[in-house]
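Fold and contact review
Given next are the chains, with one letter for each unit.
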Amino acid sequence: VFSDFNRGVPALSEFRKGMMALKVNVAETDKAVEVTAEIPGVDSKDIDVQLKDGVLTIKGEKKEEKDEKQKDYHVVERSYGMFERSFTVPTEVDAGKVEAAFDKGVLKVTLPKLPAAQAKVQKIEVKPA
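Thresholds applied
- Residues numbered from 1 in each chain as written.
- Predicted model: local features only at pLDDT ≥ 70, side-chain atom pairs only at ≥ 80, totals over all residues.
- Heavy atoms only, no water.
- Helix = DSSP H or I, 4+ residues; strand = E, 2+ residues; numbered from the N terminus.
- Buried < 20%, exposed > 50% of the residue type's maximum accessible area, 1.4 Å probe, protein only.
- Contact = heavy atoms within 4.5 Å.
- Areas by Shrake-Rupley, 256 points an atom, 1.4 Å probe, with all protein chains shown as cover.
- Core = buried A, V, L, I, M, F, W, Y, C linked by side-chain atoms within 4.5 Å.

Looking only at helices and strands, one finds one helix and eight strands in the protein chain. Its helices and strands in sequence order give the protein chain the pattern α-β-β-β-β-β-β-β-β, from N to C terminus. Here the protein chain holds 129 residues, and 25% of them are scored as buried. For the protein chain, restricting intrachain contacts to residue pairs at least 6 apart in sequence, the fraction spanning at least 24 positions comes to 58%. Accessible surface computed for the protein chain: about 10000 Å², of which carbon and sulfur atoms make up 48%.

Pasting the structure below:
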């Protein structure tokens, strides 16, 4: 399952000017594949999550807030720009039931597994020869 997710990782040389690197965690449970991404400082309305042709895409923009000061200099150490990551979704996922939630700067996308993919793993005893 996890090898399919690595297909959407762009090389560092592919990032355009102003493009932020979106870091994600991918975890698998018995019932779902969960993708979480930390996106601090972004409003949920500026995040776009799409599933199209077996590809999950998370994209958005962290917008700069203008702050004019009456001083000789102004320093901004926050990053602003666009971000985008795409992942090939395993075929065992129920595409019609994918959900996304955004809370306190963390986006969580839950991709429920189809019932057949939730089958229990059978432990097979290994006997000495």
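What follows is about unusual backbone geometry. Trans is the prevailing form of peptide bonds, just as negative phi is the prevailing case for residues other than glycine. Unusually for a residue other than glycine, Asp 53 sits at a positive phi of about 50 degrees. By the secondary structure assignment, Asp 53 is in the loop between strand 4 (47-52) and strand 5 (55-62). Its relative accessible area of 74% is what places Asp 53 among the exposed residues. The backbone of Lys 104 shows a phi angle near 50 degrees, a positive value even though the residue is not glycine.

With 17 residues, the main nonpolar core has Val 35, Ile 39, Leu 56, Ile 58, Phe 83, Val 109 and Leu 111 as its most contacted residues. Of all the secondary structure elements, the ones that give two or more residues to this core are strand 3 (32-38), strand 5, strand 6 (81-88) and strand 8 (106-112).

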